[in-house]
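Survey of secondary and tertiary structure
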Amino acid sequence: MWVSKVSEIIGSSPSSFEDAARNVVARAHRTLRGISGIEVVEKRMKVEGDGIAEYRVRLRLTFDVAPRLDSHW
């Protein structure tokens, strides 16, 4: 039996939403294994002066939690 867990992570980029999402996924792969799905929950932009200074995304990552092979009970 497999169990999945969901985690929300926020990331940013000065160039695009896509780059911000890639940054989030790259960072998540450093600590999470078995990412099986990604949902874009929210997109926002930070404005400074007359232009966009930062693109921000909030992603919901789904990843598998491996089953335990030995029982502690």
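This report concerns the structure included in the present document. (Residues numbered from 1 in each chain as written. Predicted model: local features only at pLDDT ≥ 70, side-chain atom pairs only at ≥ 80, totals over all residues. Heavy atoms only, no water.)

**Some thoughts on the sheet that holds strand 2 (residues 35-48)**
The three strands lie next to each other as 1-3-2, forming an open sheet whose pairing is antiparallel. Lying at the two open borders of the sheet, with one neighbouring strand each, are strand 1 (3-13) and strand 2. Neighbour to neighbour, the strand axes of the sheet diverge by 15 degrees on average, direction disregarded. Pairing geometry for strand 2 and strand 3 (residues 51-65), over twelve bridges, is antiparallel. In the strand pairing of strand 3, Val47 is matched with Ile52. (Pairing = 2+ DSSP bridges. Helix = DSSP H or I, 4+ residues; strand = E, 2+ residues; numbered from the N terminus. Axes fitted to C-alpha atoms, helices over the stretch in contact; angles between N-to-C directions.)

What is shown is where atoms sit, not what they do.
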